[in-house]
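Here's the letter readout for the chains.
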Amino acid sequence: MKQAQKILNGNWTGRYTKPSPGLYPHQWHWDSGFIAIGYAHYHEGRAMQEIRSLFEHQWENGMVPQIAFNPETLGNYFPEPDFWQVPGSRLTSGITMPPLHAIACLHIYQHAKNRRRAHDFLKEIYPKLMASHRYLYHHRDPAKTGLVYIRHPWESGLDNSPSWDRPLKTIQVDKTELPAYERKDLTHGVPAEQRPSDEDYDRYVYLVDLFRENHYNEAEIYDQCPFLVQDVLFNSILCRANRDLVEMGKIIDQDVREVEEWLGQTSQAIRERMWSSERKQFDPIDLVTGEQLPTATAASFMPLFAVAASQEQARLLYERLNSVSFCALHQGNCFTIPNYDMAQNEFDPKNYWRGPVWININWMLSQGLKSYGYREKSDAMKKDMIQLPVRFGFHEYFDSITGKGYGSDSFGWTSSLFIDLVYDYYDEDKQTLNWLGWRKSRKLKDVKILNEAPGVIPMPAVDLAPKLMSSIGELKDMFYSMDRGLVDYEAMKRSEEYRSYLESAAYLKVFDLESLMTREEKLAFWINLYNTIVVQGIVELGLNASVREISNFFTHIAYNIGDYTFTPDDIEHGILRSNTRPPYRISPVFKGRDPRRTHMVEPMDNRIHFALVCGSRSCAPIRFYEANAIDDQLETATRNFINSSEVVILPEKNKILLSEIFNWYKKDFGQRRDIFRFLRPYLDQDEKATYLKEHMDTIEVEYLFYDWNLNH
Ligand code: GLC
């Protein structure tokens, strides 16, 4: 965190922040937005100044330029103002970039300690943001399609993305007619193989030349430009920015109808016109040919960030995003997510926008995934985004296979988004917990029996256990998302399946526990029952933020089974942990000769900790266990948990971050060496696993904060 702040301080010029010290000495459009997002956490004044400085260069037509040049550092970059020759001798380039600023401004406001000042800032910046969006809708969408076009690859932010290969190829460049130019990007020590090619540059220059000749007249350019593309990333950011602009407008009492209209049009157009049902992804549209440009870059997932994709589209995107093409969960030999499909011939883990991992793209996508509930993947991406800079330096981009940092060092948005992520990852959870603190929680006076269905007179039945399990299975099919490990409590409560489960659960009163014969049957029965009683408790008590809303949740809801009562604590600590003392308690749950002891599942299996779902985000994702597969299922659950963001090895810090579960259950997992020994066979076998093996004695252990927010 300190290092990231040091980099931003070093790149800060007094008015704006350079993307990096050498390669990018001026102010860049979307970089400023990303950078302000990091500042918002610790230097609000600077966050606002960053945006203000950029908007001082806004054109009269509303366009916010891609680069605002610093007159004091001219001479180190190409192309500079002498080449752009924009009207009015402005010190800017003549193109724009993805309109991220409304998103950044709302973020600044939401994190501001000085709300009043942030409110004033919103009032000041709102009309400028409106003008910039108006420019886009007016000049870049003349046919009123709801989608705006870019007219230069640099406007996409992903300069040499493979998406642009096809339209660029159609541009025939006559070298003798091209204005003379000299690339400066190769003079800062970044190898050519990590940068765009000379052929690309010729075309970039060709387009700039065309703009100059047309004096930056948008209508003329639209008629002549061979590169006109409705880009997925650009439009997704615009769509999300509209969303945030609506919110911002409401905060400062503006009439937001115009923005709402843009928002509606663009999200619909993304969903309907950019979606390729054949390729099951979003593709840009080439306005010159009228055809979609089928490519395989991470930009295609960006409608998740816009929250413009339908649920079904999101599901299909997720399938692709979480596959070997973009580094799947637990794949172990790559970092999430590369900017280009790893299975394609053109994939290059080192070359700029043609394969490496970029923090800004991942930052947006992990938010998008979270919005659609794909929390496990979103967390895994966060984990990579935190570990890449810590391990390999705050670089511009990272090798998607080795993690090595490339491009420029001390990179602005890598640092600022790292700050945002660390804040979000560790501190925000703490705040939620404080907000939920014990003081605000309530207590149940009596134990609430949850398996009493009025009107059902339970009769002994032979096949009750399988019936109950299949009823739980039905709930799982309908309301548990296996990809996401989450539960849709709301829909479940209203469903027929839930009512029918309640009826089966009522039969537990006459259930003979002796009928569970094998260890496997017992394990599956008790684990499923634990998970279901917790789910039912959340539904019946109407909890909507956390199980911590009820301070004695785990001891005051129960099922009557046979002649006994079982709370979740009885099941976990009594039955499944062989009556081992619960953490922070002085005695075990079954005292003295408690007859429930005869049903303990012995010997205790540590892996239950990765299968028991306590209704919170930091516990294992919910699954359904079957007696005939339970061992494999527990292995998988354990492996998944250990390779999730609940166990993070940071070799450079000689540190391992562990889930609180290992802290609470020292009795089960033992001390540090025992824990490491337990982890080792489950860890993805990469260099971090080796590191742990070799540094078991010295590695420092830190326990992660436990996220008690509801897993919905
Ligand atoms: C490159 C990137 C662009 C970025 C700029 C400054 O041109 O492609 O996205 O804004 O560098 O960091």
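Up top is the structure.
Residues numbered from 1 in each chain as written. Predicted model: local features only at pLDDT ≥ 70, side-chain atom pairs only at ≥ 80, totals over all residues. Heavy atoms only, no water.

Time to look at the overall build of the chain. Secondary structure summary: the chain contains 28 helices and 17 strands in total. For 712 residues, the compact-globule estimate of 2.2 N^0.38 gives 27 Å, and the C-alpha radius of gyration of the chain, at 28 Å, lies within 12% of that figure. Referenced to the eigenvectors of the C-alpha coordinate spread, the extents of the chain come out at roughly 95 × 55 × 50 Å. For the chain, the residues scored as buried account for 62% of the 712 residues in total. Long-range pairs, those at least 24 residues apart, make up 71% of the contacts in the chain between residues at least 6 apart in sequence. Counting every atom, the chain has about 28,000 Å² of accessible surface; 48% of that belongs to carbon and sulfur. On the chain, the mean spot of the 82 positive side-chain charges and the mean spot of the 98 negative ones are 6 Å from each other. (Helix = DSSP H or I, 4+ residues; strand = E, 2+ residues; numbered from the N terminus. Rg over C-alpha atoms; globule rule 2.2 N^0.38 Å. Buried < 20%, exposed > 50% of the residue type's maximum accessible area, 1.4 Å probe, protein only. Contact = heavy atoms within 4.5 Å. Areas by Shrake-Rupley, 256 points an atom, 1.4 Å probe, with all protein chains shown as cover. Lys, Arg positive; Asp, Glu negative; His and termini not counted. Charge placed at Lys NZ, Arg CZ, Asp CG, Glu CD.)

Moving on, we come to the pairing of strand β16 (residues 655-658). Each regular strand shows side chains that alternate between the opposite faces of the sheet. Neither face of β16 is open: one carries Lys655 and Leu657, the other Ile656 and Leu658, and all of them are buried. Here four bridges tie strand β15 (residues 647-650) to β16, and the two strands are oriented antiparallel to one another. Bridge pairing in β16 places Leu650 opposite Lys655. Bridge count between β16 and strand β17 (residues 700-703): four bridges; the pairing is parallel. Bridged to Leu658 within β17 is Tyr703. (Pairing = 2+ DSSP bridges.)

Here the structure, examined in full by the defined rule, presents 44 aromatic pairs. Consider the rings of Tyr39 and Tyr42, whose centres lie 6.0 Å apart with planes at 55 degrees: the pair is tilted. The interplanar angle of 85 degrees and the centroid separation of 5.1 Å between the aromatic rings of Phe394 and Phe418 together place this pair among those described as edge-to-face. With a gap of 24 residues between them, Phe394 in the loop between α16 (375-392) and β8 (397-398) and Phe418 in helix α17 (residues 412-436) connect regions that are remote in the sequence. On the basis of relative accessible area, Phe418 is assigned to the buried category, the value being 5%. Geometry around Phe211 places Arg151 over its ring, the cationic atom sitting 4.5 Å from the centre. It is Arg596 that lies over the ring of Phe566; its NZ or CZ is 5.7 Å from the centre. (Phe/Tyr/Trp six-rings, centres within 6.5 Å; stacked < 30°, edge-to-face > 60°. Lys NZ or Arg CZ within 6 Å of the ring centre and 35° of its normal.)

Now for empty space enclosed by the protein. Taking a probe equal in size to a water molecule and rolling it over the atoms shows the remaining empty space. Using the criterion set out here, one finds seven cavities of 30 Å³ or more in the structure. Estimated volume of the largest cavity: approximately 210 Å³. Roughly 80 Å³ of volume is contained in the second largest cavity. (1 Å grid on protein atoms, 1.4 Å probe; cavity = no way out; pocket = protein on both sides within 12 Å on 5 of 7 lines; lining within 4 Å. Points joined across faces, edges and corners; volume = space filled by probe spheres on them.)

The description of two packed helices rests on the angle between their axes and on the distance between the axes. Axis separation between helix α21 (residues 519-540) and helix α23 (residues 568-576) bottoms out at 9 Å; the angle between their running directions is 155 degrees. In terms of axis orientation, α21 runs roughly antiparallel to α23. Considering only the axes of α21 and α23, their crossing is left-handed. Contacts between α21 and α23 involve Leu523, Trp526, Ile527, Tyr530, Ile533 and Val534 on the former and, on the latter, Pro568, Ile571, Glu572, Ile575 and Leu576. Per-class residue counts for the contact of α21 with α23 are ten nonpolar, no polar and one charged. (Axes fitted to C-alpha atoms, helices over the stretch in contact; angles between N-to-C directions. Parallel < 35°, antiparallel > 145°, perpendicular 65-115°, else oblique. Left-handed = near helix turned anticlockwise from the far one by under 90°. Nonpolar A, V, L, I, M, F, W, Y, C, P; charged D, E, K, R; others polar.)

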